[in-house]
Amino acid sequence: MSGGGIMAGRTLAMGQDEAVGGGRQTVEAPFGQALARLGHSRHDIVGLTADLGKYTDILPFRDAFPDRFFNVGMAEQNLVAVAGGLARTGKVPFATTYGVFATRRAYDFVAIALAHSNLNVKIVAGLPGLTTGYGGTHQAIEDLALMRMIPGLTVIDPCDATEIDAATEAIAEHRGPVYMRLLRGSVPVVFEPGYTFEIGKARRLREGSDVGIIATGFMTERALDAAEALQRQAISVGVLHVPTIKPFDTAAVTEFAGSVSHIVTAENHVMVGGLASLVVESLFEAGIARKVTRIGLPDRYIECGAVPTLQAKYGLNTEALVATITGLVPA
Amino acid sequence: MLRNSPPGSADVATLERKATQLRRHMLTMARGQGQGYIGQGLGIADVLAALYFHELRYDPHNLAWPDRDRFLLSTGHYSIALWAALAEAGIIPVEELVTYGADDSRLEMSTLDTTPGVEVIGGSLGHGLGQGIGQALGLRLDCSDARVFVELSDGEMQEGSTWEAAMSASHFELDGLVALIDCNGIQADGPVVLKMEPVADKWRAFGWETVEINGNDMKAIVEALADARRRNGKPRAIVLRTLPGKGVPHIETSEKSHFFRIDVAQWDGIIAEFDKSMGAHQ
């Protein structure tokens, strides 16, 4: 699978996507590699997919542990139910599909068959937000909102290959159901080796005093690049990375908000119900008055198209962040 | 003490008496709140008696025993029958049965897995079989010979997830998995609202070794369960034709049999009649 070299204006073939912007070193299938590595010491880990093994990077695990891998076919409700049953026998199932199917199609199963019983199942979901040109059927634009409503479900939106690796290890250790968004294929490396991931913890990646960007998922990479560009315009921008949507690190968000005069939220997701909503809820409850500008997807389904084109059109790239923030700060 | 190991330790007459006892418990429970899903419960009393006192291998004092056979009640609203069986099996106190459906009772009108002996949250129909498949796969990975029995209903076959699960069970060759399909002919809106037949042929077409029996005939149930012990690479489906309200004529003939609510005096009359008729038979 190639993550780069996609021509703007061309609809992508099924296996292709471009998770994040160019120019950085990449790692192939960081999730599958991490899971296969863990599988050697963690004999309780099993892998499942619903006919999307190839497209969710889980094949390295299947190839290493074919007896512990189950492909249930195109049947996402059954995927989740079977994973739940395996968890009840002490296994730690990692079940992969696309985010749209794990949420819209299998929601009742995630809620009742997994979360209600706090079963130890990890759902790893491909094609978050605008990482595919396949249109509304395949773009999980509202998955964070849907999943954070489910009691007891941990929800993670990692930024890069380093974080996917670390988060895979962390959720394998964590006891309880997890929904993790997946960046697949050639995934850029944003964080240095040694980066630590802790469920429920946000990380302040950059200090700044004018504007504070609170970002999740791949938008954190763009936020860092935008902050760098804005520094050249003498705008001081801080970046708080919030990879765990639930449980939400309210303390880190409120503390960060206190250090800047304007907040910008950035998420690869609709602007309602996800990161922006969580930030506003947190600030409001803490009595912190800050102007919040939301960057995310609009309240509509997105058309088919090349990923870079769509990301540019809907404001999910570095240039759009820079333009938005420049407009916020008086010249 | 291990129950039913090896399976088949009780005779048909003993199991029929157990089924009668389960029905008597269910009447006590339904009287408590004046209501309940008793039609369905009475209908599967014979199957549960055969399972808990003849076929299932389990330890009532060690419910987490990894090598226990699992019984998954997918139709959570049949809980009245499960509570009766669990009480009679010594897993929950018989005295607790009167709390069925009351506020703060563990004996909910639809099962939650927080109650001892409940293997799965039932009630969101179409969930049980897939979870049974996962358990069967997990047991196989652990080289356990424990088996998984999943009860589901004819109405539940209208859920697409039932067939997703059915297809995968035969693919995975789960011959330690037994589906007990309660065909009682009713669902929430009354008599089954879709044409369901031929039920057994549907399961056969999905790769299941299938038998169809009278689900209120103890001898037939015992024989079908005995046959299901034979492992031949295929999951087992036992299609059970049951009568809602079985054993209580007033409920058998009621048109309200999906959910049954009458006043206490009527319950007392039904219970007196039941006790009298049982006394006459014993």
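Draft legend 1. Highlighting the domain arrangement of chain A. All names here are of chain A. Under the domain assignment used here, chain A contains domain 1 (26-188) and domain 2 (203-328). Placing a centre on the C-alpha atoms of domain 1 and another on those of domain 2 gives a separation of 25 Å. With 32 residues of domain 1 at the contact, the number on the domain 2 side is 32 residues. When the two sides are added together, the surface that domain 1 and domain 2 hide from each other amounts to roughly 2300 Å², 59% of it contributed by carbon and sulfur. Taken together, domain 1 and domain 2 are joined by one salt bridge. The partner of arginine 148 in a salt bridge is glutamate 281, with the nearest N and O atoms 3.0 Å apart. Taken together, the links from domain 1 to domain 2 amount to 19 residue pairs in polar contact (both at pLDDT 80 or more). The element that contributes the greatest number of residues to the side of domain 1 that touches domain 2 is helix H6 (residues 143-148), accounting for four residues.

Draft legend 2. Local environment of the sheet that holds strand S6 (residues 154-156) of chain A. Residues and elements named next belong to chain A. Ordered by their spatial adjacency, seven strands build an open sheet running S3-S2-S4-S5-S7-S6-S12, and the pairing between neighbours is mixed. The sheet is open, and its two borders are formed by strand S3 (69-71) and strand S12 (244-246), each paired with just one other strand. Neighbouring strand axes in the sheet, compared pairwise and without regard to direction, differ in orientation by 20° on average. As paired strands, strand S5 (residues 122-126) and strand S7 (residues 178-181) are joined by four bridges and run parallel to one another. Bridge pairing links alanine 125 to arginine 181 in S7. Of the strands in this sheet, strand S2 (45-49), strand S4 (92-98), S5 and S7 are in contact with helix H1 (residues 30-41), which crosses S4 at around 165°.

Draft legend 3. Spatial organisation of the interface of chain B and chain A. Listed by partner, the interface residues are 24 residues for chain B and 23 residues for chain A. At the boundary of chain B with chain A, total buried surface from both sides reaches about 1900 Å², with 61% on carbon and sulfur atoms. Considering only the side of chain B, the residues that lose the most area to chain A are His127, Leu141 and Glu164 of chain B, jointly responsible for 29% of the buried surface there. Inspection of the chain B/chain A interface yields two salt bridges. The partner of arginine 88 of chain A in a salt bridge is aspartate 113 of chain B, and the shortest N-O contact between them spans 2.8 Å. Joining chain B to chain A, the criterion identifies nine residue pairs in polar contact (both at pLDDT 80 or more).

Draft legend 4. Structural view of the packing of helix H3 (residues 76-88) of chain A against helix H5 (residues 107-114) of chain A. Residue and element names in this part refer to chain A. One way to put it is that H3 packs onto H5 with a least axis distance of 8 Å and a crossing angle of 15°. One finds that H3 runs roughly parallel with respect to H5. The two elements H3 and H5 meet at a crossing, and its hand is right-handed. In this structure, H3 uses Gln77, Val80, Ala81 and Gly84 to contact H5, whose residues at the interface are Phe109, Val110 and Leu114. Along the lines of polarity and charge, the residues of the contact of H3 with H5 split into five nonpolar, two polar and no charged.

Draft legend 5. Spatial organisation of the pairing of S7 of chain A. Residue and element names in this part refer to chain A. Burial along S7 is two-sided: Val178 and Met180 facing one way and Tyr179 and Arg181 facing the other are all buried. Of the strand pairs in this sheet, S6 and S7 are connected by three bridges, and their pairing is parallel. Bridge pairing in S7 places isoleucine 156 opposite methionine 180. Once you follow S6 into helix H7 (residues 161-173) and on to S7, the crossover reads as right-handed.

Draft legend 6. Region of the structure containing the pattern of salt bridges. Enumeration according to the criterion identifies 35 salt bridges over all chains in this entry. Arginine 31 of chain B is the salt-bridge partner of aspartate 268 of chain B, the closest N and O atoms lying 2.4 Å from each other. Separated by 237 residues along the polypeptide, aspartate 268 of chain B in helix H10 (residues 264-281) and arginine 31 of chain B in helix H1 (residues 12-33) bring together distant segments of the chain. Judged by its relative accessible area of 32%, arginine 31 of chain B is partly exposed. Between glutamate 55 of chain B and arginine 229 of chain B there is a salt bridge, with the nearest N and O atoms lying 2.7 Å from each other. In this pair, glutamate 55 of chain B is assigned in helix H3 (residues 45-55) and arginine 229 of chain B in the loop between helix H8 (218-227) and strand S8 (236-241), connecting sequence segments 174 residues apart. Owing to a relative accessible area of 1%, glutamate 55 of chain B belongs among the buried residues under this scheme. Three or more residues are tied together by salt bridges with common partners; here these are Arg24, Glu221, Arg222 and Asp225 of chain A.

Draft legend 7. How the structure looks around the sheet that holds strand S9 (residues 203-206) of chain A. Residue and element names in this part refer to chain A. Taken in spatial order, the five strands make up an open sheet running S9-S11-S10-S13-S14, and their pairing is mixed. Both outer strands of the open sheet, S9 and strand S14 (291-297), are each paired with one neighbouring strand and no more. Each adjacent strand pair in this sheet contributes to an overall mean axis angle of 25°, direction not counted. As defined by bridge partners, strand S10 (residues 211-215) adjoins strand S13 (residues 262-270) across five bridges and the pair is classed as parallel. Each residue of the ladder has a partner; that of valine 211, found in S13, is histidine 262. Here helix H9 (residues 250-258) sits on the sheet in contact with S9, S10, strand S11 (237-241) and S13, set at roughly 180° to S11.

Criteria and cut-off values
Residues numbered from 1 in each chain as written. Chains lettered and ligands numbered in written order. Predicted model: local features only at pLDDT ≥ 70, side-chain atom pairs only at ≥ 80, totals over all residues. Heavy atoms only, no water. Domains from an automatic or database assignment. Contact = heavy atoms within 4.5 Å. Buried area = accessible area lost by both parts, 1.4 Å probe. Salt bridge = Lys/Arg side-chain N within 4 Å of Asp/Glu carboxyl O. Polar contact = N/O pair within 3.5 Å; in protein donor to acceptor, adjacent residues only side chain to side chain. Helix = DSSP H or I, 4+ residues; strand = E, 2+ residues; numbered from the N terminus. Pairing = 2+ DSSP bridges. Axes fitted to C-alpha atoms, helices over the stretch in contact; angles between N-to-C directions. Parallel < 35°, antiparallel > 145°, perpendicular 65-115°, else oblique. Left-handed = near helix turned anticlockwise from the far one by under 90°. Nonpolar A, V, L, I, M, F, W, Y, C, P; charged D, E, K, R; others polar. Buried < 20%, exposed > 50% of the residue type's maximum accessible area, 1.4 Å probe, protein only. Right-handed = clockwise from strand over helix to strand, strands pointing away.

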